[in-house]
Amino acid sequence: MSKELIRLRDCVMSYGDEVVLDHINLYINDKEFLTLLGPSGCGKTTTLRIIGGFLSPTAGDVLFDGVRINDVPPHLRTVNTVFQRYALFPHLNVFENVAFGLRIPKADGSGRKVKLPEREIHERVMEMLEVVNLKGFEKRPVSALSGGQQQRVAIARALVNRPRVLLLDEPLGALDMRLRKDMQNELKRIQQEMEITFIYVTHDQEEALAMSDTVVVMDGGRIQQIGAPEDIYNEPKNAFVADFIGESNIIDGIMRADGVVEIFNRKFQCLDKGFAKDEPVDVVIRPEDVDIVDEAAGQLRGTVTSVTFKGVHYDTIVDFYGFKWLIQTTDYCPVDSRIGIKIDPDGIHVMKKSQYSGMFGDYSSYSEEYEELDVPEPEDGEERDSQEGGYED
Amino acid sequence: MKRKNRIGSRLFIGLTFLFLYLPIFLLIIFSFNAGESSAVWQGFSLDWYVSLFQNRLIMESLYTTLLVSLLATAISTVAGTFAAIGLYSLGKRKRDALLVVNDIPMMNADIVTGVSLCLFFVAFFQGWGSFARWFNGVQSAIELPERLVLGFGTMLLAHIAFNIPYVILNVAPKLRQMDKNLVDAAQDLGCTWMQAFWKVILPEIKPGIVSGALIAFTMSIDDFVISYFTAGSSTSTLAMRIYSMTKKRITPEVNAVSTLLFLSVLVLLVANNVREVRQERRAASQEIREPSFFEKLSMRFSQPSFNWVRRGLTGAMACAFIVVVVLLTGATASQPVVNVCSWGEYIDESLITQFEDMTGIRVNYQTAESNEALYSLLKSGGADYDVIVPSDYMISQLIEEGMLEELDYSQIPNFELIDQRFRNLPYDQSNKYTVPYAWGTLGLIYNAAMVDGELDSWGALYDEEYAGQVLLINNSRDALGAALIHLGYSVNTTDEAEIRAAFDLIADASRRGVFQGKVMDQVFQKMEGGNAAVASYYAGDYLSMLENQADGVDLRYVIPKEGANWFVDAMCVLKDAPHYDDAMKWINFMASTDANLANMDYIGYASPNTQALEAYPAYYEELYGEELDPELYEIMAAPSHVLERCEMYTVLPAATRKLYNDLWIELGA
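Residues numbered from 1 in each chain as written. Chains lettered and ligands numbered in written order. Predicted model: local features only at pLDDT ≥ 70, side-chain atom pairs only at ≥ 80, totals over all residues.

### Re the overall build of chain A
So, step 1. A count of helical and extended segments in chain A gives 9 helices and 22 strands.
So, step 2. Taking all contacts inside chain A whose residues are at least 6 apart in sequence as the whole, residues at least 24 apart take part in 68%. (Helix = DSSP H or I, 4+ residues; strand = E, 2+ residues; numbered from the N terminus. Contact = placed C-beta atoms within 7 Å.)

In C-alpha cells, the structure reads:
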C-alpha cells in the first residue's frame, strides 16, 4: 500500500488503576480505510479520540507524518471527526453546520489568521452537499432532517475542511438496517472519491468486513489482530477473534504433528504447521466448512438437536459427545437424526491457546447467543460520566 | 352530583385566588386613593405617583436598587454560567453532590444568609483593619484605608452570592440537554475551547442563561432581608426604604411604589414565561415554516457581512453599560457628603435639597426604625453616620458609653434660637453633645363617638367598659410607663414592686379582655377607621390621624390628669464622624427658624426653636389660608404648664431593663 501516515507507539491510557488501552502499537497508511472493531469497552473509541486529539495518552507517542502530536490540540490537527449521533449544531441550519469549520479563521503560512472569502465558503459547502446528496437542503434546520440526512450533514461538515484523515465513531449506529447498508456503500464511495484516510470505529463485524482495507480487532484494551478482512476471517489469531468475526466452532485440540490435529480423540488433516508436538491448541471450524454425510461415512458422528431455516441455508446444531456445533448446510436434517460430518484440511484452522480459550465456540446456548448478536449496542453518551473521563465505550 | 362537585371545586379555586390576589388588588386600588387613609376611599387620584417620583429618598433607593440588581445580575450570570460549565466537566458523582450544595443557599432562610454574610463582612473588616494598620505602619508609600464599613460594595457582593445559585440552577439543565460531543465537534472543526464556547455552548445554553439572569434580577430587586443585613447604614434599597416608611404608617406613597414594584416583577416573570413557552413550542414543531419577521431580521443580521454592525452594537452596549455604572457610582463618590440617620417621615425633604443647593454638600439621608435598632446598628460597627437623631434616654446611654462627639457650638450659631426649656435637659445636662430637633408628648387618644363623655385618665386604658376597644402600645417602656403614671409612680422608677404593680395592672386588663391588641403602626388605621376607641400615642401622630379620620369618627387627644411622658429627639454627632464640619453645617441648618417651621408643618411634631414656635400659627395661616386651631396647636406644642406635668424617660439600669423585658415577654405569652 502507500506510505504510513499515523502511528501509535506503545500507547497506554489509564484512569487511575483502570487501564483502558494497554500498549497499543498501530500504524495507519495514507488513503487507507481502517476499522477499529470490538465489543463495548474494548478501547476502540478511546483510540479514536487519541488520534482526534480529545485525549492524550497516559504513555506512548502519537505520530502524524512522522511528527509527534501528543500535545497538539484537536483544532490544530488536520483530522476531522464524524461523531456518534452526529453532534450537529442545533442552532444552525444545514449550510451553516457544514460551513462551520470554514468560518473559523485559520493561520496561513506566515502565521496570520485569515478568513476564507464568503464566495469560497459557499462554493465548497455546496460542492460538499452535492457529494453527500443533500443539495437543496441547505436552508433546513438540522432538527428537521431524518437520521440518514443528519448523518450526511455530519460527514459533509467534516469533509469540507479537506482533512487528511476522517475519523468516524460508530457513525451508522443510530440508523436502521437498510439505511445502514446504503450508507456503507456511500461511505466507501466517498472515501474513494475524496482519496483520504478513514478510521472507522464499529462493533458490527459485518460492517467492518464489508468496508475496510484493514481491520483492527480489539478487546480489553489490547489489539487482538490486525489484518485484511479475509485474513482476519480465515486466520483468526485466537478464540476471541474467531468468535467475534463470524460464526465459529472452537474446539480443544492437540497438535500431534505438523498438519495433524486431534479432536475428540480423532486425528484430522490440517494445513497448520509449526506447533510443538502434543501442544494443546484451539481449533476453529467455520460452520460453512463442515459437510454433512451419512453417519457411517462421517469423521465424527452426532445427533441433530435443532434446525433453523435461514433462507439460503439451515443453521443446524449438532451434538458431538456433549459439545454442540453449529453447521450451516443446504441439506435438511431433521431433529434427533444421527449424522456424520467431514471436514477438509483447509476447513480447519489451528490457533495457539490464549486467555480466551474455552470461553467461546460452544453452541449449547445457541438461541441466546444468536439473539445477543442482534441486540444493538446500548447507546452510551446519554449520561456520560464527564467530558474528559468517560469515553471508554 | 358531579355537577355540584364541579361548582364546589370552582368555588374553592376562586376563593384560593381571591385570597392570593385580593391583598395586592387592594394595595393597587389604594395607591390611587385621593386621601391619605388606607382605610377610607376618598376618590381617584394619581397624586401619590406624582409625589412618589418627587420623593428623593425613594428615587435614590430605587436607583440603588436598580444599580445593585443590574450589577449583581451581570456578574452573577457570568460567574454562574462558567461555574455550571465547570460543574459539567466534573464526574457525575461530584457534579450531583455540588448541585445539591448549590441548592442549599436557595433553600436557606434569607435571614440566616443575611446575618452570616454580615458577620463575615464585619469579621473581614476587623482583620483588614489590623492588617492595614500594620501595613501603614511599616511603610508610607501606599496608604491603605483602615476602616471599612458595610455599604454598597458589601451589598453587591451579597447579591452576587445569592444570585449565583439561581443562575447555575437555570443553566445546568441546558448543559445536561446539550450533546456533550458538540464541544468536541467544534474543536474538531478548528475552534479553540473559547471559540467553541462562543459559537456552540453559548447559543445552546442561552435560554438557560437568559432565564437565570431574569430570575437573578427579580430576586435582587425583591430582596429585603439580605440587603438589610449587608447594606450597612448609608445604603438603602427600595424594599428597605419601603420598610422604613411603613414604620410610622403605610402611606399611599408606599402603596404606589409597591404597586410599581409588583408590576415590574410581574412583567419580568411574564416575559420569562412567554419566552420559555415560545421556545418549547418551537422545539415541538420541528417542521419547516416561514421564519417570522424578527427571525428573518436576525438571520439577515447574523450574515457575516453584518459582522462589523453586530460587533459595533455589542461593543456599544458594553461601553454604555460600563459608562452608566461608572457614572452612577462616580456621581456619588466625588461630592462632599454628610451621612444622616433619622426616623421615617421625620423631615420635610425639600430641606435636604435646600441644604444641598446652599452648601454643595450631598446629604445621604437614612432612617432607622427605633432607638434600639439604631443602637444595635451603631454597636455592630456597621454604621458610618455623621449625624443621628436619637431620643432622650438613648442619648444619655450613648453619652455614657462614649459613643458621641462633643459639638462645636461656635459652628452652630442657631443653637441660640433653641428655647431655654429644651437646653441642659437631664440627658445632656451641660449641653455639650446635642441640639434638639423635635419634641412632643405621649398622651391618650380616644374616639369621642365611642366613649361616654370626656376621658382624662390613663385608667381608660384598663377599663372594662371599653373591653375589646383599647389598643395597647406595643413597646414595653411606653406601655408600662402609662401604667406607672396611672399608679402615681415615676416612669423612671427602678423599684421592682412598683414596676410589678404596673405590670399587674396591664396583665389584669389583658385577662379581662380589655385590649383589642398590641399595636404600633396599625394604630393609625384602627383609630382613623373607628375600629378602636382608646389608645396611647404621640401628639404629632394624633394630628395626622385627625386629618384622615373617617366620617362619624371624632378623635380627641388628652394629656391625662396623672401626667404623661414627653420626649425630645436631638441631633448628635458620632465619635470619629468622618465629616464632622459638614455635620455641624447640617445641624446648624436644621436648627434654623425656617427649617423648623417647614419641618414642624411637615412632621407634626413641635420644634424646639423659640422663634419657630411663635411664628408657626402665622406661617400656617399664610400657607393654608385658614387660622390654626389654637387647641390643636397646644396639643402639638404643649404649653409649659402642661409640660411640667410630664416626665421624660431616662436610661434605666440594666437590671430594670431586663425586668421590663421579662415582664413584656410574659405578657405576650
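### Some words on the environment of A:Leu34
Residues and elements named next belong to chain A.
So, step 1. Along the polypeptide, Leu34 turns up in strand β3 (residues 33-37).
So, step 2. The exposure class of Leu34 is buried, given the 24 C-beta atoms found within 10 Å.
So, step 3. Put simply, Leu34 and Val201 are 167 residues apart on the chain and 8.6 Å apart in space, counted from C-alpha to C-alpha.
So, step 4. The residues contacting Leu34, other than those within four sequence positions of it, are Ile28, Ile199, Tyr200, Ser212, Asp213, Thr214 and Val216. (Buried ≥ 20, exposed ≤ 12 C-beta atoms within 10 Å, placed from the backbone.)

### Some words on the environment of A:Glu247
So, step 1. Among the secondary structure elements, A:Glu247 is positioned in the loop between α8 (239-244) and β13 (249-257).
So, step 2. Given 18 C-beta atoms within a 10 Å radius, A:Glu247 is considered partly exposed.

### Here's the deal with the sheet that holds strand β19 (residues 314-320) of chain A
Residue and element names in this part refer to chain A.
So, step 1. Pairing is antiparallel across the open sheet formed by 5 strands, whose spatial order is β17-β21-β18-β19-β20. Here the strands that pair on one side only, and so sit at the sheet edges, are β17 (290-293) and β20 (323-329). Neighbour-to-neighbour, the strand axes of this sheet turn through a mean angle of 45°, independent of strand direction.
So, step 2. By the bridge criterion, 6 bridges tie strand β18 (residues 300-309) to β19 in an arrangement that is antiparallel. Bridging from a neighbouring strand, Thr308 pairs with Asp315 of β19. (Pairing = 2+ DSSP bridges. Axes fitted to C-alpha atoms, helices over the stretch in contact; angles between N-to-C directions.)

### Re the confidence of the model for chain A
So, step 1. Overall, the predicted model of chain A reaches an average pLDDT of 85, with 92% of residues at or above 70.
So, step 2. Below a pLDDT of 50 lies the segment residues 367-393 of chain A, which in the model reaches 34 contacts outside its immediate sequence neighbourhood of four places, other chains included. (pLDDT = per-residue confidence, 0-100.)

### Overview of the pairing of strand β2 (residues 18-29) of chain A
All names here are of chain A.
So, step 1. Here 8 bridges tie strand β1 (residues 4-15) to β2, and the two strands are oriented antiparallel to one another. The residue bridging Arg7 from the neighbouring strand is Tyr27, located in β2.
So, step 2. Count of turn residues in the β1/β2 antiparallel hairpin: 2 residues, of which Gly16 carries a positive phi of about 60°.

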